[in-house]
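Coordinates in review
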Amino acid sequence: MGKERTYFCIDMKTFYASVECAERGLNPFETNLVVADTSRGNGALCLAVSPRMKAQGVKNRCRLYEIPKHIKYETALPRMQLYIEYAADIYAIYLKYFSPDDIHVYSIDEAFIDATNYLSTYHMDAKGLAKKLMNEIAEVKHIPSTAGIGSNLFLAKIALDITAKHAKDHMGVLTEESFRETLWDHTPITDFWMIAGGTARRLERFGITTLRGIAQCPQELLYKTFGKDAELLIDHAWGREPCRMQDIKSYKSKTHSVSFSQILPKDYTYDEARVVMTEMILHGCQELMRRKVICQKIWIGVGYSKDVLPMVNGQTKLTSATAVNSLICPFVLDVFDRITDRSVPIRRLGISFNDVCDEGCEGYDFFTDWDAVEREKAKEKTVLQISDKYGKNAILRGTNFLAGATQRERNGMIGGHRAGYDDITREGEAVRPVRCYEGSAGGTA
């Protein structure tokens, strides 16, 4: 039998809001702060709210108008580049103690660590080493954190998401045995990692609302309902997870795609949304060229305002794999025209270039004007060179100036959110050091 392993799952509490509090020298546990772009109106999405606001019942990812009127708060414009820098600094702290082979960055504010072989090295138990990391993050970056500790990756995540929330030291610890003793009957079942609302509704048809119900359900029924995904449900119901850090590091995807999506700043008409889709197609083609890949299948999705209608989607297959916009755009817009209801306001758009492969596989049929293709590719590569040197808005197309176009604004964003700094940190100045707060989660012990 192999050595029992110890995994950490460490998460920064309300990361974006905590960074903004750190920049202002404020304690996030005593400050009402919301990270949102107020220029988008009262319906702007809150990327994060401070822990103090969460304690008052305000949820992350809410809209500004959903915040109770009696709660007074200050807002901070999103600064994605700053958050990336903080995340990189926190990763550097992990690297002081662990090999990169034993760290998996799950998201900008969350990471898994295989600490198995390090406990004896540092002569510490699991909670002691996790606390050491949390304290150093608080002391160096002034960001509070929580940690889950488990005997496998799944249990570490569940210990973080559920158990740590109720612990005074902001750490949760789970083994397979303690998991079944304490969480088998936990509800709602959607609190568990990898169980979304759709899965929960399908389980509820069979009267299953807990992990105990999954564990005791006939496996034949689960496999009939969920297919091969039933194996994951069954393993997790028993607290098992065969995947290890080395499996994550060695995983190679069989297929690759290049995808983009955006929530529009307001309700868009069909014509305005078509302009944005045209921009997204061009942006995707440029990204394919930048990565030196091509594709033959493109998927698009259209979401309507207030979910008046369900989101619709469609896919097209090109006659030849390519990254040339003039050969891709007509096919995709034809799908957009066919699937989109022109009478309902549109609020979300998505596009995915699927089954991408190396551009060396490029090939066209007998009727393709090869010279025209080469001229367009040369032109687009020149545009990319100018954009890389002088900025994404250094060279634009007429489409980018039509009513409803969003690409000019999005060129200044990271992940669809504002990238720049506000006047708290002036250009050219280092982020000023601020004091650490005793007694806060993740603060000095």
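Just so you know, these numbers come straight off a predicted model, no measurement behind them. (Residues numbered from 1 in each chain as written. Predicted model: local features only at pLDDT ≥ 70, side-chain atom pairs only at ≥ 80, totals over all residues. Heavy atoms only, no water.)

Turning our eyes to something else, we now look at the nonpolar core. Of all hydrophobic cores here, the largest spans 40 residues; its most connected members are Phe-8, Phe-15, Tyr-94 and Phe-98. Within the residue set of this core, elements represented by two or more residues are strand S1 (7–12), helix H1 (15–24), strand S2 (33–35), helix H3 (80–97), strand S6 (110–114), helix H4 (126–141) and strand S7 (145–150). Sequence-distant contacts of Phe-8, that is, excluding residues within four places in its chain, are made with Phe-98, Ala-111, Phe-112, Ile-113, Ala-115, Ala-126, Leu-129, Ala-130, Leu-133, Gly-148, Ile-149 and Ala-156. Formed by 39 residues, the second largest nonpolar core is a distinct cluster that contains Leu-264, Val-276, Val-324 and Val-332. (Core = buried A, V, L, I, M, F, W, Y, C linked by side-chain atoms within 4.5 Å. Buried < 20%, exposed > 50% of the residue type's maximum accessible area, 1.4 Å probe, protein only. Helix = DSSP H or I, 4+ residues; strand = E, 2+ residues; numbered from the N terminus. Contact = heavy atoms within 4.5 Å.)

Orientation of helix H7 (residues 197–204) relative to helix H9 (residues 219–226), taken along the N-to-C sense of each, is 135 degrees, at an axis distance of 12 Å. The angle between the axes of H7 and H9 places the two elements in the oblique class. Relative to H9, H7 is oriented so that their crossing is right-handed. Between H7 and H9, the residues in contact are Thr-199, Arg-202 and Leu-203 and Leu-222, Thr-225 and Phe-226, respectively. (Axes fitted to C-alpha atoms, helices over the stretch in contact; angles between N-to-C directions. Parallel < 35°, antiparallel > 145°, perpendicular 65-115°, else oblique. Left-handed = near helix turned anticlockwise from the far one by under 90°.)

Below, the discussion takes up helix H5 (residues 153–163). Of all 11 residues making up H5, nine are buried, and the element is well covered by its neighbours. Leu-153, Phe-154, Leu-155, Ala-156, Lys-157, Ile-158, Ala-159, Leu-160 and Ile-162 are the residues of H5 that are buried. Among the residues of H5, the N-terminal cap falls to Asn-152, whose side-chain oxygen and the backbone nitrogen of Phe-154 are separated by 3.1 Å. (Polar contact = N/O pair within 3.5 Å; in protein donor to acceptor, adjacent residues only side chain to side chain.)

The strands making up a sheet associate through hydrogen bonds between their backbones, and the pairing can be parallel or antiparallel. Pairing is mixed across the open sheet formed by five strands, whose spatial order is S5-S6-S1-S7-S8. In this open sheet, the two strands that pair with only one neighbour each are strand S5 (103–107) and strand S8 (171–174). Averaged over all pairs of adjacent strands, the angle between their axes in this sheet comes to 15 degrees, without regard to strand direction. With four bridges joining them, S5 and S6 adopt antiparallel strand pairing. If you follow Ile-103 over to S6, its bridge partner there is Ile-113. Its contacts with the sheet put H4 on S1, S6, S7 and S8, and the angle it makes with S7 is roughly 160 degrees. (Pairing = 2+ DSSP bridges.)

Before going further, it helps to spend a moment on unusual backbone geometry. Cis geometry marks the peptide bond from Thr-187 to Pro-188, where omega comes out at 0 degrees. Mapped onto the fold, Pro-188 is located in the loop between helix H6 (176–183) and H7. The phi torsion at Met-194 lies on the positive side, around 80 degrees, for a residue other than glycine. With respect to the helices, strands and loops of the structure, Met-194 is situated in the loop between H6 and H7. We note that Lys-292 has phi near 60 degrees; this positive angle belongs to a residue other than glycine. Along the chain, the position of Lys-292 falls in the loop between helix H12 (270–291) and strand S10 (293–304).

The next subject is the packing of aromatic side chains. Enumeration over the complete set of coordinates arrives at 13 aromatic pairs. Relative to Tyr-83, the ring of Tyr-16 lies with its centre 4.5 Å away and its plane at 15 degrees, an arrangement referred to as stacked. Of this pair, Tyr-16 sits in helix H1 while Tyr-83 is found in helix H3, placing the two residues 67 residues apart along the sequence. With 6.5 Å between their ring centres and 15 degrees between their planes, Tyr-118 and Tyr-122 make a pair best called stacked. What makes Tyr-118 buried here is its relative accessible area of 13%. Assessed through its relative accessible area of 28%, Tyr-122 is described here as partly exposed. One cation-aromatic arrangement involves Lys-141 over Tyr-86; the distance from NZ or CZ to the ring centre is 4.2 Å. (Phe/Tyr/Trp six-rings, centres within 6.5 Å; stacked < 30°, edge-to-face > 60°. Lys NZ or Arg CZ within 6 Å of the ring centre and 35° of its normal.)

Ordered by their spatial adjacency, three strands build an open sheet running S3-S2-S4, and the pairing between neighbours is mixed. Whereas interior strands pair on both sides, the edge strands pair on one side only; in this sheet they are strand S3 (48–49) and strand S4 (74–76). Across two bridges, S2 lies against S3 in antiparallel orientation. Among the inter-strand pairings, Val-34 is bridged to a residue of S3, identified as Val-49. Relative to the sheet, H1 contacts S2, S3 and S4, its axis offset from that of S2 by approximately 120 degrees.

It is at 10 Å that the axes of H12 and helix H14 (residues 370–390) come closest, and there the two elements cross at 85 degrees. As the angle between them shows, H12 and H14 are arranged roughly perpendicular. Mapping the contact onto sequence places Leu-282, Gln-286, Met-289 and Arg-290 in H12 and Lys-377, Glu-380, Val-383, Leu-384 and Asp-388 in H14. Split by residue class, the contact of H12 with H14 holds four nonpolar, one polar and four charged. (Nonpolar A, V, L, I, M, F, W, Y, C, P; charged D, E, K, R; others polar.)

With that out of the way, let us pick up the side chain of Thr-340. On the secondary structure map, Thr-340 appears in the loop between helix H13 (325–339) and strand S12 (346–354). Thr-340 gets classed as buried once you look at its relative accessible area, which sits at 7%. One polar contact links the side chain of Thr-340 to the main-chain carbonyl oxygen of Phe-336, over a distance of 2.6 Å.

Put plainly, a disulfide is one covalent bond tying together the sulfur atoms of two cysteines. If you walk through the whole model with that rule in mind, you get zero disulfides. The cysteine Cys-243 is free of any disulfide, with Cys-9 supplying the nearest cysteine sulfur at 13 Å. With a relative accessible area of 27%, Cys-243 lands in the partly exposed category. Counting only cysteine sulfurs, Cys-285 is the nearest neighbor of Cys-329, a cysteine outside any disulfide, at a range of 7.6 Å. (Disulfide = S-S within 2.5 Å.)

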